[in-house]
Amino acid sequence: MKMTPLHRVLLLVTGILAAYQVAVGIDGFDALPIIAYTIAFGVLLVAGILLIIWGFDVLDSPAVVIVSTIIPLSLSLGLVWQHASFRTSYLVLAIVGFLAVTLTRSIPAPGKIPTIVLALVHGIAGMTIFLLPISLSIQGRTQPLFSLVGVGGALIGLGGLLLSFLKAGRPIVSRETILNVLPGLLLLMTICFVIGFKFG
Amino acid sequence: MTTAAQSSIENRKSKISLYWSLTKPLQTGLLLATGLAGYMSARCPIFNMGTILGVAGSLFLAIAGSTVLNMWWDRDIDAKMGRTQKRATSSGLVSENEVLRVGLILSVIGVGWAVAMDALYGLIVFAGLFFDVVVYSIWLKRRTAWSIVWGGISGAMPILAGRALGLGYVDWIGITLALGILFWIPTHTLTFSMKFAKDYAAACVPTFPSTYGLGFTRATIAISSVLAAASMIIAGIGIGMAWGFLRLLGVLSAGLLMLAVAITFKPSERVNFGLFKYASIYMLAAMILVVIEVI
(Lines give C-alpha, C1' and ligand atoms only; values in the text may rest on other atoms or scores of the structure.)
Protein backbone atom coordinates (compact mmCIF):
# COMPACT_ATOMS: atom_id res chain seq x y z
CA MET A 1 0.00 0.00 0.00
CA LYS A 2 1.33 3.42 -0.96
CA MET A 3 1.90 5.92 1.82
CA THR A 4 -0.15 9.11 1.51
CA PRO A 5 1.12 12.63 2.32
CA LEU A 6 -1.10 12.58 5.43
CA HIS A 7 0.61 9.40 6.64
CA ARG A 8 4.00 11.06 6.13
CA VAL A 9 2.92 14.18 8.04
CA LEU A 10 1.61 12.07 10.94
CA LEU A 11 4.86 10.09 11.05
CA LEU A 12 6.90 13.30 10.85
CA VAL A 13 5.05 14.82 13.82
CA THR A 14 5.50 11.52 15.69
CA GLY A 15 9.24 11.71 14.97
CA ILE A 16 9.45 15.34 16.12
CA LEU A 17 7.65 14.50 19.39
CA ALA A 18 9.90 11.49 19.94
CA ALA A 19 12.94 13.73 19.28
CA TYR A 20 11.60 16.27 21.81
CA GLN A 21 11.18 13.50 24.36
CA VAL A 22 14.77 12.31 23.87
CA ALA A 23 16.24 15.83 23.97
CA VAL A 24 14.11 17.53 26.62
CA GLY A 25 11.34 15.32 28.01
CA ILE A 26 13.49 13.00 30.11
CA ASP A 27 15.96 15.47 31.59
CA GLY A 28 16.50 15.12 35.31
CA PHE A 29 15.79 11.38 35.51
CA ASP A 30 18.29 8.82 36.83
CA ALA A 31 20.86 7.35 34.44
CA LEU A 32 19.12 4.06 33.68
CA PRO A 33 15.66 5.52 32.96
CA ILE A 34 17.32 8.11 30.71
CA ILE A 35 19.09 5.33 28.80
CA ALA A 36 15.91 3.22 28.62
CA TYR A 37 13.67 6.09 27.45
CA THR A 38 16.33 7.30 25.01
CA ILE A 39 16.38 3.84 23.45
CA ALA A 40 12.57 3.65 23.34
CA PHE A 41 11.92 7.09 21.83
CA GLY A 42 15.09 6.90 19.75
CA VAL A 43 13.93 3.68 18.10
CA LEU A 44 10.53 5.28 17.55
CA LEU A 45 12.18 8.32 15.94
CA VAL A 46 14.52 6.38 13.64
CA ALA A 47 11.79 3.86 12.76
CA GLY A 48 9.46 6.76 11.89
CA ILE A 49 12.08 8.31 9.58
CA LEU A 50 12.75 4.96 7.89
CA LEU A 51 9.03 4.36 7.50
CA ILE A 52 8.72 7.73 5.75
CA ILE A 53 11.69 6.89 3.49
CA TRP A 54 10.84 3.28 2.66
CA GLY A 55 7.06 3.28 2.93
CA PHE A 56 4.85 0.59 4.46
CA ASP A 57 6.66 -2.22 2.62
CA VAL A 58 9.38 -2.10 5.24
CA LEU A 59 6.88 -3.56 7.74
CA ASP A 60 7.23 -6.87 5.90
CA SER A 61 10.86 -7.13 7.05
CA PRO A 62 11.55 -9.79 9.72
CA ALA A 63 13.58 -7.19 11.64
CA VAL A 64 10.38 -5.28 12.46
CA VAL A 65 9.41 -7.86 15.10
CA ILE A 66 12.72 -7.38 16.91
CA VAL A 67 12.73 -3.58 16.58
CA SER A 68 9.12 -3.29 17.75
CA THR A 69 10.02 -5.31 20.86
CA ILE A 70 12.67 -2.78 21.90
CA ILE A 71 10.16 0.07 22.38
CA PRO A 72 7.81 -1.51 24.97
CA LEU A 73 10.66 -3.33 26.72
CA SER A 74 12.78 -0.23 27.25
CA LEU A 75 9.79 1.97 28.12
CA SER A 76 8.58 -0.51 30.73
CA LEU A 77 12.13 -0.86 32.10
CA GLY A 78 12.36 2.93 32.54
CA LEU A 79 9.00 3.03 34.33
CA VAL A 80 9.83 0.12 36.62
CA TRP A 81 13.24 1.58 37.48
CA GLN A 82 11.65 4.90 38.40
CA HIS A 83 8.57 3.72 40.24
CA ALA A 84 8.77 0.07 41.35
CA SER A 85 10.85 -1.97 43.79
CA PHE A 86 11.65 -4.95 41.53
CA ARG A 87 14.19 -2.98 39.46
CA THR A 88 16.98 -5.51 39.07
CA SER A 89 14.66 -8.45 38.38
CA TYR A 90 12.92 -6.43 35.66
CA LEU A 91 16.24 -5.35 34.14
CA VAL A 92 17.25 -9.03 33.89
CA LEU A 93 13.82 -9.89 32.47
CA ALA A 94 14.06 -7.13 29.86
CA ILE A 95 17.52 -8.25 28.71
CA VAL A 96 16.59 -11.95 28.66
CA GLY A 97 13.27 -11.16 26.94
CA PHE A 98 14.97 -9.14 24.23
CA LEU A 99 17.62 -11.81 23.66
CA ALA A 100 14.93 -14.52 23.56
CA VAL A 101 12.91 -12.64 20.91
CA THR A 102 16.06 -11.93 18.87
CA LEU A 103 17.25 -15.54 19.05
CA THR A 104 13.90 -17.15 18.25
CA ARG A 105 13.51 -14.79 15.28
CA SER A 106 17.09 -15.21 14.03
CA ILE A 107 17.56 -18.99 14.21
CA PRO A 108 14.98 -21.68 13.41
CA ALA A 109 13.00 -22.57 16.57
CA PRO A 110 10.62 -25.52 16.89
CA GLY A 111 6.81 -25.19 16.74
CA LYS A 112 5.16 -22.18 18.30
CA ILE A 113 8.09 -21.23 20.54
CA PRO A 114 8.84 -17.94 18.67
CA THR A 115 5.19 -16.87 18.93
CA ILE A 116 4.93 -17.84 22.59
CA VAL A 117 8.16 -15.99 23.46
CA LEU A 118 7.01 -12.90 21.56
CA ALA A 119 3.55 -12.91 23.17
CA LEU A 120 5.05 -13.38 26.63
CA VAL A 121 7.61 -10.58 26.30
CA HIS A 122 5.16 -8.15 24.67
CA GLY A 123 2.46 -9.10 27.16
CA ILE A 124 4.62 -8.43 30.23
CA ALA A 125 6.05 -5.18 28.85
CA GLY A 126 2.69 -3.96 27.54
CA MET A 127 0.83 -4.68 30.78
CA THR A 128 3.59 -2.95 32.77
CA ILE A 129 3.34 0.22 30.67
CA PHE A 130 -0.45 0.10 30.81
CA LEU A 131 -1.00 -0.72 34.49
CA LEU A 132 1.92 0.86 36.36
CA PRO A 133 1.26 4.55 35.46
CA ILE A 134 -2.51 4.19 36.00
CA SER A 135 -1.93 2.46 39.31
CA LEU A 136 0.51 5.17 40.42
CA SER A 137 -1.95 7.91 39.44
CA ILE A 138 -4.82 6.27 41.31
CA GLN A 139 -2.64 5.91 44.40
CA GLY A 140 -1.78 9.60 44.17
CA ARG A 141 1.96 8.88 43.91
CA THR A 142 2.08 10.79 40.61
CA GLN A 143 -0.03 13.51 39.01
CA PRO A 144 -3.29 12.29 37.39
CA LEU A 145 -2.00 13.05 33.89
CA PHE A 146 0.72 10.41 34.34
CA SER A 147 -2.03 7.88 33.61
CA LEU A 148 -1.75 9.03 29.97
CA VAL A 149 1.48 7.03 29.83
CA GLY A 150 -0.71 4.02 30.57
CA VAL A 151 -3.07 5.04 27.78
CA GLY A 152 -0.01 5.25 25.51
CA GLY A 153 0.86 1.75 26.69
CA ALA A 154 -2.59 0.51 25.69
CA LEU A 155 -2.19 2.11 22.26
CA ILE A 156 1.27 0.60 21.79
CA GLY A 157 -0.25 -2.76 22.70
CA LEU A 158 -3.00 -2.25 20.14
CA GLY A 159 -0.44 -1.28 17.49
CA GLY A 160 1.69 -4.32 18.33
CA LEU A 161 -1.36 -6.56 18.14
CA LEU A 162 -2.37 -5.22 14.72
CA LEU A 163 1.19 -5.61 13.42
CA SER A 164 1.41 -9.16 14.79
CA PHE A 165 -1.82 -10.13 13.04
CA LEU A 166 -0.56 -8.50 9.89
CA LYS A 167 2.70 -10.42 10.01
CA ALA A 168 0.92 -13.67 10.88
CA GLY A 169 -1.14 -13.24 7.72
CA ARG A 170 -4.41 -13.46 9.65
CA PRO A 171 -5.43 -9.83 10.15
CA ILE A 172 -8.70 -9.22 12.01
CA VAL A 173 -9.14 -6.20 9.78
CA SER A 174 -7.73 -5.71 6.29
CA ARG A 175 -4.07 -4.85 5.67
CA GLU A 176 -5.16 -1.51 4.19
CA THR A 177 -7.12 -0.61 7.32
CA ILE A 178 -4.22 -1.51 9.60
CA LEU A 179 -1.73 0.51 7.57
CA ASN A 180 -4.14 3.44 7.32
CA VAL A 181 -4.58 3.52 11.07
CA LEU A 182 -0.96 2.87 12.08
CA PRO A 183 0.58 6.39 11.61
CA GLY A 184 -2.29 8.01 13.53
CA LEU A 185 -2.03 5.39 16.25
CA LEU A 186 1.72 5.96 16.59
CA LEU A 187 1.16 9.72 16.85
CA LEU A 188 -1.61 9.38 19.43
CA MET A 189 0.55 7.01 21.45
CA THR A 190 3.52 9.40 21.36
CA ILE A 191 1.32 12.38 22.34
CA CYS A 192 0.09 10.40 25.35
CA PHE A 193 3.65 9.56 26.39
CA VAL A 194 4.92 13.13 25.95
CA ILE A 195 2.03 14.70 27.89
CA GLY A 196 2.10 11.94 30.50
CA PHE A 197 5.82 12.41 31.22
CA LYS A 198 5.62 16.20 31.07
CA PHE A 199 2.65 16.74 33.39
CA GLY A 200 2.57 13.45 35.25
CA MET B 1 -1.03 43.30 -22.23
CA THR B 2 0.05 42.37 -25.76
CA THR B 3 0.71 38.79 -26.81
CA ALA B 4 4.37 39.60 -27.34
CA ALA B 5 4.70 40.98 -23.81
CA GLN B 6 2.94 37.96 -22.34
CA SER B 7 5.19 35.65 -24.30
CA SER B 8 8.25 37.53 -23.08
CA ILE B 9 7.12 37.18 -19.45
CA GLU B 10 6.47 33.46 -19.95
CA ASN B 11 9.93 33.03 -21.47
CA ARG B 12 11.57 34.78 -18.53
CA LYS B 13 9.62 32.65 -16.04
CA SER B 14 10.63 29.53 -17.89
CA LYS B 15 14.29 30.57 -17.96
CA ILE B 16 14.31 31.42 -14.25
CA SER B 17 12.80 28.02 -13.57
CA LEU B 18 15.51 26.33 -15.68
CA TYR B 19 18.30 28.18 -13.90
CA TRP B 20 16.73 27.52 -10.52
CA SER B 21 16.93 23.79 -11.25
CA LEU B 22 20.58 24.23 -12.30
CA THR B 23 21.41 25.49 -8.80
CA LYS B 24 20.27 22.11 -7.34
CA PRO B 25 18.09 23.87 -4.73
CA LEU B 26 17.97 21.00 -2.23
CA GLN B 27 21.74 20.45 -2.20
CA THR B 28 22.42 24.19 -2.15
CA GLY B 29 19.85 24.62 0.63
CA LEU B 30 21.49 21.90 2.73
CA LEU B 31 24.96 23.41 2.32
CA LEU B 32 23.53 26.85 3.10
CA ALA B 33 22.02 25.39 6.28
CA THR B 34 25.47 24.07 7.29
CA GLY B 35 26.96 27.54 6.76
CA LEU B 36 24.30 29.23 8.88
CA ALA B 37 24.64 26.57 11.57
CA GLY B 38 28.42 27.03 11.55
CA TYR B 39 27.97 30.78 12.04
CA MET B 40 25.43 30.35 14.83
CA SER B 41 27.58 27.67 16.54
CA ALA B 42 30.09 30.43 17.35
CA ARG B 43 27.49 31.81 19.78
CA CYS B 44 28.11 35.30 18.45
CA PRO B 45 25.22 37.81 18.44
CA ILE B 46 23.23 35.91 15.84
CA PHE B 47 20.22 38.17 15.74
CA ASN B 48 22.06 40.77 13.71
CA MET B 49 19.77 40.64 10.70
CA GLY B 50 22.28 42.27 8.36
CA THR B 51 24.99 39.69 9.06
CA ILE B 52 22.61 36.72 8.93
CA LEU B 53 21.25 37.92 5.58
CA GLY B 54 24.83 38.50 4.43
CA VAL B 55 25.86 34.95 5.33
CA ALA B 56 22.76 33.49 3.71
CA GLY B 57 23.04 35.64 0.58
CA SER B 58 26.77 35.29 -0.02
CA LEU B 59 26.78 31.55 0.62
CA PHE B 60 23.70 30.97 -1.52
CA LEU B 61 25.20 32.86 -4.45
CA ALA B 62 28.64 31.24 -4.14
CA ILE B 63 27.24 27.69 -3.76
CA ALA B 64 24.66 28.19 -6.51
CA GLY B 65 27.32 29.77 -8.75
CA SER B 66 29.74 26.87 -8.31
CA THR B 67 26.92 24.39 -8.95
CA VAL B 68 25.95 26.15 -12.19
CA LEU B 69 29.62 26.19 -13.26
CA ASN B 70 29.85 22.44 -12.53
CA MET B 71 26.77 21.87 -14.68
CA TRP B 72 28.34 23.92 -17.45
CA TRP B 73 31.60 21.97 -17.32
CA ASP B 74 29.92 18.55 -17.04
CA ARG B 75 27.32 19.13 -19.76
CA ASP B 76 28.93 16.57 -22.09
CA ILE B 77 28.99 13.74 -19.53
CA ASP B 78 25.55 14.73 -18.20
CA ALA B 79 24.20 14.18 -21.71
CA LYS B 80 25.43 10.57 -21.60
CA MET B 81 23.75 9.70 -18.32
CA GLY B 82 20.04 8.86 -18.12
CA ARG B 83 19.72 10.57 -14.74
CA THR B 84 21.11 13.90 -15.94
CA GLN B 85 20.48 14.05 -19.69
CA LYS B 86 17.34 16.16 -19.22
CA ARG B 87 19.21 18.92 -17.41
CA ALA B 88 18.90 22.27 -19.16
CA THR B 89 22.65 22.32 -19.82
CA SER B 90 22.88 18.87 -21.40
CA SER B 91 19.59 19.00 -23.31
CA GLY B 92 20.39 22.37 -24.91
CA LEU B 93 17.50 24.27 -23.32
CA VAL B 94 19.92 27.05 -22.36
CA SER B 95 22.97 28.24 -24.27
CA GLU B 96 26.41 27.17 -23.03
CA ASN B 97 27.79 30.70 -22.97
CA GLU B 98 24.81 32.00 -21.06
CA VAL B 99 25.16 29.27 -18.42
CA LEU B 100 28.87 30.08 -18.07
CA ARG B 101 28.08 33.79 -17.68
CA VAL B 102 25.37 33.16 -15.09
CA GLY B 103 27.64 30.79 -13.13
CA LEU B 104 30.49 33.29 -13.14
CA ILE B 105 28.28 36.23 -12.18
CA LEU B 106 26.70 34.33 -9.26
CA SER B 107 30.14 33.12 -8.10
CA VAL B 108 31.80 36.53 -8.33
CA ILE B 109 28.96 38.29 -6.51
CA GLY B 110 28.83 35.55 -3.85
CA VAL B 111 32.58 35.51 -3.17
CA GLY B 112 32.82 39.31 -3.48
CA TRP B 113 30.02 39.76 -0.95
CA ALA B 114 31.76 37.27 1.38
CA VAL B 115 35.13 39.07 1.09
CA ALA B 116 33.43 42.41 1.73
CA MET B 117 31.93 41.00 4.94
CA ASP B 118 35.18 39.53 6.26
CA ALA B 119 38.46 38.61 4.56
CA LEU B 120 38.89 35.21 6.28
CA TYR B 121 35.25 34.30 5.63
CA GLY B 122 35.63 35.34 1.99
CA LEU B 123 38.83 33.33 1.61
CA ILE B 124 37.18 30.14 2.90
CA VAL B 125 34.10 30.67 0.70
CA PHE B 126 36.43 31.18 -2.28
CA ALA B 127 38.38 28.02 -1.33
CA GLY B 128 35.11 26.05 -1.35
CA LEU B 129 34.27 27.34 -4.81
CA PHE B 130 37.82 26.71 -6.10
CA PHE B 131 37.96 23.14 -4.75
CA ASP B 132 34.51 22.39 -6.18
CA VAL B 133 34.86 23.83 -9.65
CA VAL B 134 38.57 23.68 -10.45
CA VAL B 135 39.97 20.81 -8.37
CA TYR B 136 36.93 18.50 -8.21
CA SER B 137 35.08 19.08 -11.49
CA ILE B 138 37.65 20.32 -13.97
CA TRP B 139 40.79 18.54 -12.75
CA LEU B 140 39.91 15.29 -10.99
CA LYS B 141 36.33 14.12 -11.61
CA ARG B 142 37.12 12.41 -14.91
CA ARG B 143 40.51 11.10 -13.75
CA THR B 144 40.07 9.44 -10.38
CA ALA B 145 37.37 8.09 -8.10
CA TRP B 146 39.11 9.90 -5.23
CA SER B 147 37.88 13.22 -6.63
CA ILE B 148 34.98 12.90 -4.15
CA VAL B 149 37.41 13.74 -1.34
CA TRP B 150 37.90 17.17 -2.91
CA GLY B 151 34.18 17.48 -3.50
CA GLY B 152 33.82 16.69 0.20
CA ILE B 153 36.39 19.29 1.24
CA SER B 154 34.51 21.82 -0.87
CA GLY B 155 31.20 20.85 0.77
CA ALA B 156 32.80 21.29 4.19
CA MET B 157 33.79 24.90 3.53
CA PRO B 158 30.42 26.62 4.19
CA ILE B 159 30.24 25.38 7.80
CA LEU B 160 33.90 26.28 8.39
CA ALA B 161 33.37 29.69 6.77
CA GLY B 162 30.27 30.38 8.88
CA ARG B 163 32.03 29.52 12.12
CA ALA B 164 35.15 31.47 11.16
CA LEU B 165 32.98 34.51 10.49
CA GLY B 166 31.34 34.19 13.91
CA LEU B 167 34.66 33.77 15.77
CA GLY B 168 37.08 35.74 13.61
CA TYR B 169 39.44 32.75 13.41
CA VAL B 170 39.47 29.03 12.58
CA ASP B 171 39.26 26.77 15.64
CA TRP B 172 39.31 23.00 16.22
CA ILE B 173 35.52 22.88 16.55
CA GLY B 174 35.12 24.46 13.12
CA ILE B 175 37.54 21.94 11.66
CA THR B 176 35.71 19.07 13.38
CA LEU B 177 32.36 20.33 12.06
CA ALA B 178 33.96 20.51 8.60
CA LEU B 179 35.27 16.95 9.03
CA GLY B 180 31.72 15.87 9.91
CA ILE B 181 30.55 17.19 6.55
CA LEU B 182 33.63 15.84 4.74
CA PHE B 183 33.00 12.30 6.05
CA TRP B 184 29.24 12.60 5.53
CA ILE B 185 29.61 13.41 1.83
CA PRO B 186 30.95 9.93 0.82
CA THR B 187 27.99 8.36 2.62
CA HIS B 188 25.78 10.48 0.41
CA THR B 189 27.66 10.36 -2.90
CA LEU B 190 28.86 6.75 -2.82
CA THR B 191 25.35 5.40 -2.28
CA PHE B 192 24.40 7.55 -5.24
CA SER B 193 27.24 6.24 -7.41
CA MET B 194 26.20 2.67 -6.55
CA LYS B 195 22.61 3.37 -7.54
CA PHE B 196 23.61 4.96 -10.85
CA ALA B 197 26.74 2.87 -11.55
CA LYS B 198 25.72 2.17 -15.17
CA ASP B 199 25.19 5.88 -15.85
CA TYR B 200 28.66 6.78 -14.58
CA ALA B 201 30.20 3.90 -16.56
CA ALA B 202 28.46 5.13 -19.73
CA ALA B 203 29.95 8.58 -19.18
CA CYS B 204 33.41 7.08 -18.36
CA VAL B 205 33.45 8.81 -14.96
CA PRO B 206 35.54 6.74 -12.51
CA THR B 207 33.68 5.93 -9.29
CA PHE B 208 34.45 3.78 -6.25
CA PRO B 209 32.11 0.97 -7.38
CA SER B 210 33.66 0.83 -10.87
CA THR B 211 37.27 1.20 -9.66
CA TYR B 212 37.36 -0.77 -6.42
CA GLY B 213 34.16 -2.86 -6.48
CA LEU B 214 31.00 -2.81 -4.41
CA GLY B 215 32.53 -4.43 -1.30
CA PHE B 216 35.18 -1.77 -0.90
CA THR B 217 32.64 0.98 -1.62
CA ARG B 218 30.28 -0.33 1.06
CA ALA B 219 33.14 -0.57 3.57
CA THR B 220 34.11 3.02 2.73
CA ILE B 221 30.51 4.15 3.28
CA ALA B 222 30.42 2.39 6.65
CA ILE B 223 33.74 3.86 7.79
CA SER B 224 32.88 7.36 6.61
CA SER B 225 29.49 7.16 8.38
CA VAL B 226 31.22 6.23 11.64
CA LEU B 227 33.69 9.09 11.21
CA ALA B 228 30.93 11.57 10.28
CA ALA B 229 28.85 10.64 13.32
CA ALA B 230 31.90 10.75 15.61
CA SER B 231 32.95 14.16 14.26
CA MET B 232 29.46 15.63 14.72
CA ILE B 233 29.24 14.34 18.31
CA ILE B 234 32.75 15.61 19.18
CA ALA B 235 31.89 18.99 17.63
CA GLY B 236 28.60 19.00 19.59
CA ILE B 237 30.52 18.44 22.83
CA GLY B 238 32.98 21.17 21.82
CA ILE B 239 30.18 23.64 21.12
CA GLY B 240 28.83 22.92 24.59
CA MET B 241 25.63 21.29 23.41
CA ALA B 242 23.23 20.36 26.21
CA TRP B 243 23.15 16.65 27.17
CA GLY B 244 19.64 16.25 25.85
CA PHE B 245 20.63 17.47 22.40
CA LEU B 246 23.75 15.29 22.46
CA ARG B 247 21.50 12.33 23.31
CA LEU B 248 19.35 13.14 20.29
CA LEU B 249 22.41 13.53 18.08
CA GLY B 250 23.58 10.15 19.38
CA VAL B 251 20.24 8.56 18.49
CA LEU B 252 20.30 10.00 14.97
CA SER B 253 23.95 8.92 14.60
CA ALA B 254 23.01 5.41 15.72
CA GLY B 255 20.44 5.29 12.91
CA LEU B 256 23.14 6.29 10.42
CA LEU B 257 25.53 3.65 11.76
CA MET B 258 22.82 0.97 11.70
CA LEU B 259 22.18 1.65 8.02
CA ALA B 260 25.93 1.68 7.31
CA VAL B 261 26.24 -1.75 8.96
CA ALA B 262 23.21 -2.96 6.99
CA ILE B 263 24.68 -1.82 3.68
CA THR B 264 27.96 -3.59 4.51
CA PHE B 265 26.58 -6.93 5.62
CA LYS B 266 23.10 -7.10 4.04
CA PRO B 267 23.31 -4.87 0.98
CA SER B 268 20.23 -4.23 -1.12
CA GLU B 269 18.82 -1.52 -3.34
CA ARG B 270 16.37 -0.57 -0.57
CA VAL B 271 19.08 -0.17 2.08
CA ASN B 272 21.16 1.84 -0.38
CA PHE B 273 18.26 4.20 -1.07
CA GLY B 274 17.44 4.40 2.65
CA LEU B 275 21.00 5.34 3.59
CA PHE B 276 21.14 7.96 0.84
CA LYS B 277 17.96 9.64 2.09
CA TYR B 278 18.68 9.17 5.78
CA ALA B 279 22.14 10.73 5.41
CA SER B 280 20.55 13.97 4.16
CA ILE B 281 17.96 13.99 6.94
CA TYR B 282 20.74 13.27 9.46
CA MET B 283 22.83 16.23 8.38
CA LEU B 284 19.85 18.60 8.27
CA ALA B 285 18.75 17.45 11.72
CA ALA B 286 22.30 17.89 13.09
CA MET B 287 22.38 21.45 11.76
CA ILE B 288 18.94 22.22 13.22
CA LEU B 289 20.17 20.92 16.59
CA VAL B 290 23.20 23.22 16.47
CA VAL B 291 20.93 26.19 15.69
CA ILE B 292 18.26 25.34 18.31
CA GLU B 293 20.98 24.83 20.90
CA VAL B 294 22.25 28.36 20.37
CA ILE B 295 18.83 30.01 20.13
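Since the structure is predicted, the reported quantities are computational estimates derived from the model, not experimental observations.

About the thresholds
- Residues numbered from 1 in each chain as written.
- Chains lettered and ligands numbered in written order.
- Predicted model: local features only at pLDDT ≥ 70, side-chain atom pairs only at ≥ 80, totals over all residues.
- Helix = DSSP H or I, 4+ residues; strand = E, 2+ residues; numbered from the N terminus.
- Rg over C-alpha atoms; globule rule 2.2 N^0.38 Å.
- Buried ≥ 20, exposed ≤ 12 C-beta atoms within 10 Å, placed from the backbone.
- Contact = placed C-beta atoms within 7 Å.
- Expected span 1.5 Å × (residues − 1).
- Nonpolar A, V, L, I, M, F, W, Y, C, P; charged D, E, K, R; others polar.
- Axes fitted to C-alpha atoms, helices over the stretch in contact; angles between N-to-C directions.
- Parallel < 35°, antiparallel > 145°, perpendicular 65-115°, else oblique.
- Left-handed = near helix turned anticlockwise from the far one by under 90°.
- Core = buried A, V, L, I, M, F, W, Y, C linked by C-beta atoms within 7 Å.
- pLDDT = per-residue confidence, 0-100.

### Points about the overall build of chain B
In step 1: If you tally the helices and strands in chain B, you get 13 helices and zero strands.
In step 2: Counting from the amino terminus, chain B carries its helices and strands in the arrangement α-α-α-α-α-α-α-α-α-α-α-α-α.
In step 3: Scaling as 2.2 N^0.38, a compact globule of 295 residues should have a C-alpha radius of gyration of about 19 Å, and chain B matches this with 20 Å.
In step 4: Each principal axis of the C-alpha atoms in chain B carries an extent, and together these give about 60 × 50 × 35 Å.
In step 5: Burial status across chain B gives 49% buried among its 295 residues.
In step 6: Taking as baseline every contact in chain B between residues at least 6 positions apart, the subset at least 24 positions apart corresponds to 71%.

### A closer look at the overall build of chain A
In step 1: Helices and strands together make up the secondary structure of chain A, namely seven helices and zero strands.
In step 2: Across chain A, helices and strands are ordered from the amino to the carboxyl terminus as α-α-α-α-α-α-α.
In step 3: Taken against the 2.2 N^0.38 rule, which gives 16 Å for 200 residues, the C-alpha radius of gyration of chain A at 16 Å falls within 12% of a compact globule.
In step 4: C-alpha extents for chain A along the principal axes are approximately 45 × 40 × 25 Å.
In step 5: Taken over 200 residues, chain A has a buried fraction of 44%.
In step 6: In chain A, once contacts between residues fewer than 6 apart in sequence are set aside, the share between residues at least 24 apart is 74%.

### A closer look at helix α5 (residues 113-139) of chain A
In step 1: Given a rise of 1.5 Å per residue, 27 residues ought to cover 39 Å, and the 38 Å separating the end C-alpha atoms of α5 of chain A matches this to within 8%.
In step 2: Regarding α5 of chain A, the residues found buried are L118, V121, H122, A125, G126, T128, I129, F130, L132, P133, L136 and S137 of chain A.

### Some words on unusual backbone geometry
Residues and elements named next belong to chain B.
In step 1: Backbone geometry places K24, a non-glycine residue, at a positive phi of 45°.
In step 2: Following the sequence through the fold, K24 ends up in the loop between α1 (3-22) and α2 (25-41).
In step 3: Unlike most non-glycine residues, C204 shows phi in positive territory, near 60°.
In step 4: Relative to the helices and strands, C204 resides in the loop between α9 (197-202) and α10 (208-212).

### Describing the interface of chain B and chain A
In step 1: Of the residues lining the interface, 12 residues belong to chain B; the matching set on chain A comes to 13 residues.
In step 2: Elements supplying a minimum of two residues to the side of chain B that touches chain A: α12 (243-265) and α13 (269-294) of chain B.
In step 3: No other element matches α12 of chain B, which puts seven residues into the side of chain B that touches chain A.
In step 4: Residue classes in the side of chain B that touches chain A are distributed as six nonpolar, three polar and three charged.

### Examining the packing of helix α8 (residues 172-195) of chain B against helix α11 (residues 214-239) of chain B
Residues and elements named next belong to chain B.
In step 1: The N-to-C vectors of α8 and α11 enclose an angle of 155°; their axes lie 8 Å apart at closest approach. With respect to each other, α8 and α11 are oriented roughly antiparallel. You can see that α8 and α11 cross each other, and the crossing is left-handed.
In step 2: Class assignment of the residues belonging to the contact of α8 with α11 gives a composition of 17 nonpolar, 10 polar and no charged.

### Re the nonpolar core
In step 1: Formed by 143 residues in total, the largest nonpolar core has its most connected members in A40 and L45 of chain A together with V68, V125, L160, L248 and A286 of chain B.
In step 2: Here this core takes 14 residues from helix α2 (residues 31-54) of chain A, the largest share from any one element.
In step 3: When residues no more than four places from it in sequence are discounted, the contact partners of V68 of chain B are L22, T23, V99, V102, G103 and L106 of chain B.

### Topic: the environment of A64 of chain B
All names here are of chain B.
In step 1: On the secondary structure map, A64 appears in helix α3 (residues 49-73).
In step 2: Sequence spacing of A64 and S91 is 27 residues, and the spatial spacing of their C-alpha atoms is 20 Å.
In step 3: Here A64 is in contact with T23, T28 and L106, once residues within four sequence places are set aside.

### Description of α8 of chain B
In step 1: Taking 1.5 Å of rise per residue, 24 residues should cover 34 Å, and α8 of chain B covers 35 Å from first to last C-alpha, within 8% of that figure.
In step 2: Of all 24 residues that make up α8 of chain B, 20 are buried, and the element is covered over most of its length.

### Thoughts on the environment of L167 of chain B
Residues and elements named next belong to chain B.
In step 1: Counting through the fold element by element, L167 comes out in helix α7 (residues 147-167).
In step 2: Note on L167: 18 C-beta atoms within 10 Å, which makes it partly exposed.
In step 3: C-alpha of L167 to C-alpha of A116: the two residues are 51 residues apart in sequence and 17 Å apart in space.

### Looking at the environment of N11 of chain B
Residues and elements named next belong to chain B.
In step 1: The residue N11 is located in helix α1 in this model.
In step 2: A residue is classified by how many C-beta atoms lie within 10 Å of it, and N11, with 10 of them, is exposed.
In step 3: C-alpha separation for the pair N11 and A242, spaced 231 residues apart in sequence, amounts to 51 Å.

### Thoughts on the confidence of the model for chain B
All names here are of chain B.
In step 1: Scored by pLDDT, chain B has a mean of 91; 99% of the residues are at 70 or more.
In step 2: Per-element confidence in chain B is highest for helix α6 (residues 119-140), whose mean pLDDT is 96, and lowest for α1, whose mean pLDDT is 80.
In step 3: Scored as a whole, the predicted complex attains pTM 0.88, and scored at its interfaces, ipTM 0.91.

### Observations concerning the packing of α8 of chain B against α13 of chain B
All names here are of chain B.
In step 1: Between α8 and α13, whose axes approach to 9 Å, the crossing angle comes to 150°. Relative to α13, the element α8 lies roughly antiparallel. α13 is crossed by α8, and the crossing has left-handed handedness. Contact residues: W184, T187, H188, T191, F192, M194 and K195 in α8; N272, F273, L275, F276, A279, S280 and M283 in α13.
In step 2: Split into classes, the residues belonging to the contact of α8 with α13 amount to eight nonpolar, five polar and one charged.

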